Amino acid sequence: MKIALMARNANLYSHQRLIEAAEDRGHEIDVIDTMRVYIHIASHRPEMYYRGEKVEGYDAVIPRIGASVTFFGTAVLRQFEMMGVYPLNESVAISRSRDKLRSHQLLARRGIGLPVTVFAHSTSRADDIVEMLGGAPVVIKLLEGTQGIGVVLGETPGAAKSMIQAFGGLKANILVQEFIKESGGSDIRCLVVGEKVVASMMRKGAEGDFRSNLHRGGSAASVKITPEERSTAVRAAKIMGLNVCGVDMLRSNHGPVVMEVNSSPGLEGVEKATGKDVAGAIIAFLEKNAKPNKTRTRGRG
Ligand code: ADP
Ligand code: MG
């Protein structure tokens, strides 16, 4: 196969591992810096140029689109789809997963366990928001936040109310969520590749932090997940329409609850914690599935 890896920085661990896995399995793989692509739009003739050359001859494309460049990144991916190149994850699924409100609605609609959540634009009745969640403590999240930045714990009704109002004053989009205390500052990330959980890890927050993000000083270890956690992860991926993703969940006393579904999961933490070859599983998935014009949406929607 000839594979295109859409990535801005080829040197990141995840990208290096994907390149290594593809080459080890006998494929050709080129890194295309997403933000340097020129999308050429003309009736019935989707084309793309990179470094002065026409982009052509690819069997598959692996999108690694950073959250800050979703708009242009998904447009480049859509162009690949219109050219008939098989995408590891489709552009519509990636856009869907980047919208936290939309993702929560889609997952809830299909009965996936989620922490009880309120999305609000107006924060004038912050008391009501906290009450709708059964009172403090509550977790308040900035919708644009990643890597744990913008996630805070309102421990008392008063603290929660003033935090909600402070974010409101900054005109930030937020969600407010029940605090799953029993997860004890740990969460579980399942790496799903083509309807299978290929690796899972438990992340634990640094001492005194309820956030388990590795970027916030959390640590990771391999974990054995329950059948319910496994099926929740696989179903969540399917509902989002993602072939490959990281499904993050908390162990609540009413079963697994999904916090987010990440369409470009980092491979370093999970491969090092579990010793699993996730990059190899991703390339194997492409070997099995990449066919011309096989995209479900072909850039529609
Ligand atoms: P980000 O997108 O910034 O990673 P998350 O929603 O994943 O934001 O939250 C960051 C971390 O905070 C999670 O990994 C988890 O450890 C903790 N956390 C988030 N929501 C809750 C919650 N409702 N109850 C308990 N802990 C939570
Ligand atoms: Mg997270």
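The rules behind each value
Residues numbered from 1 in each chain as written. Chains lettered and ligands numbered in written order. Predicted model: local features only at pLDDT ≥ 70, side-chain atom pairs only at ≥ 80, totals over all residues. Heavy atoms only, no water. Helix = DSSP H or I, 4+ residues; strand = E, 2+ residues; numbered from the N terminus. Rg over C-alpha atoms; globule rule 2.2 N^0.38 Å. Buried < 20%, exposed > 50% of the residue type's maximum accessible area, 1.4 Å probe, protein only. Contact = heavy atoms within 4.5 Å. Areas by Shrake-Rupley, 256 points an atom, 1.4 Å probe, with all protein chains shown as cover. Lys, Arg positive; Asp, Glu negative; His and termini not counted. Charge placed at Lys NZ, Arg CZ, Asp CG, Glu CD. Phe/Tyr/Trp six-rings, centres within 6.5 Å; stacked < 30°, edge-to-face > 60°. Lys NZ or Arg CZ within 6 Å of the ring centre and 35° of its normal. Domains from an automatic or database assignment. Pairing = 2+ DSSP bridges. Axes fitted to C-alpha atoms, helices over the stretch in contact; angles between N-to-C directions. Core = buried A, V, L, I, M, F, W, Y, C linked by side-chain atoms within 4.5 Å.

## Here's the deal with the overall build of the protein
Reasoning step 1: Across its full length, the protein holds nine helices and 16 strands.
Reasoning step 2: The globule rule puts the C-alpha radius of gyration for 301 residues at 19 Å, and the 20 Å found for the protein is close to it.
Reasoning step 3: Considering only C-alpha atoms, the protein reaches an extent of 60 × 40 × 35 Å along its principal axes.
Reasoning step 4: Expressed as a percentage of its 301 residues, the buried residues of the protein come to 50%.
Reasoning step 5: Long-range pairs, those at least 24 residues apart, make up 67% of the contacts in the protein between residues at least 6 apart in sequence.
Reasoning step 6: Accessible surface for the protein amounts to roughly 14,600 Å². Of this, 50% is attributable to carbon and sulfur atoms.
Reasoning step 7: Once the 40 positive and 32 negative side-chain charges of the protein are each reduced to a mean point, those two points are 4 Å apart.

## Details of the packing of aromatic side chains
Reasoning step 1: Scanning all chains against the criterion turns up two aromatic pairs.
Reasoning step 2: Their ring planes at 80 degrees and their centres at 6.4 Å tell us that Y58 and F80 sit as a pair that is edge-to-face. You can see Y58 sitting in the loop between β5 (53-54) and β6 (60-63) and its partner F80 sitting in helix α2 (residues 70-82), a full 22 residues away along the chain.
Reasoning step 3: Measuring from ring centre to ring centre gives 5.9 Å for F179 and F210, while their planes differ by 85 degrees; the resulting arrangement is edge-to-face. In this pair, F179 sits in the loop between β11 (174-178) and β12 (186-193) while F210 sits in the loop between β13 (197-204) and β14 (219-222), placing the two residues 31 residues apart along the sequence.
Reasoning step 4: Given the relative accessible area of 23%, F179 is considered partly exposed.
Reasoning step 5: The exposure class of F210 is partly exposed, given its relative accessible area of 25%.
Reasoning step 6: Directly above the ring of Y58 sits K2, whose terminal nitrogen or CZ lies 4.5 Å from the centroid.

## Re the domain arrangement of the protein
Reasoning step 1: Segmenting the protein into domains produces domain 1 (2-95 + 285-289), domain 2 (117-179) and domain 3 (182-277).
Reasoning step 2: The C-alpha centroid of domain 2 is placed 37 Å from the C-alpha centroid of domain 1.

## A look at unusual backbone geometry
Reasoning step 1: For the bond from A136 to P137, the omega torsion is -5 degrees, close enough to zero to count as cis.
Reasoning step 2: Among the structural elements, P137 can be located in the loop between α5 (126-132) and β9 (138-142).
Reasoning step 3: The phi dihedral of K171 is positive, around 60 degrees, even though this residue is not glycine.

## Focus on the sheet that holds strand β1 (residues 2-6)
Within a beta sheet, neighbouring strands are joined by backbone hydrogen bonds and run either parallel or antiparallel to one another.
Reasoning step 1: Taken together, the four strands give an open sheet; going across it, the order is β2-β1-β6-β7, and neighbouring strands pair in parallel fashion. Because the sheet does not close on itself, it has two edges, and the strands there are β2 (28-32) and β7 (86-87).
Reasoning step 2: As defined by bridge partners, β6 adjoins β7 across two bridges and the pair is classed as parallel. The residue bridging A60 from the neighbouring strand is Y86, located in β7.
Reasoning step 3: α2 contacts β1, β2, β6 and β7 of the sheet and is inclined by roughly 165 degrees relative to β1.

## Quick word on the nonpolar core
Reasoning step 1: With 39 residues, the main nonpolar core has I32, F80, L107, V247, V258 and V261 as its most contacted residues.
Reasoning step 2: Ranked by the residues each element gives to this core, the list is headed by helix α7 (residues 227-240), at six residues.
Reasoning step 3: Both of domain 1 (2-95 + 285-289) and domain 3 (182-277) provide at least three residues apiece to this core.
Reasoning step 4: Setting aside anything within four residues of it in sequence, one finds I32 in contact with A4, L5, M6, A7, V37, Y50, V55, Y58 and F80.
Reasoning step 5: Core analysis: the second largest hydrophobic core is formed by 26 residues, Y86, V193, V270 and L286 among them.

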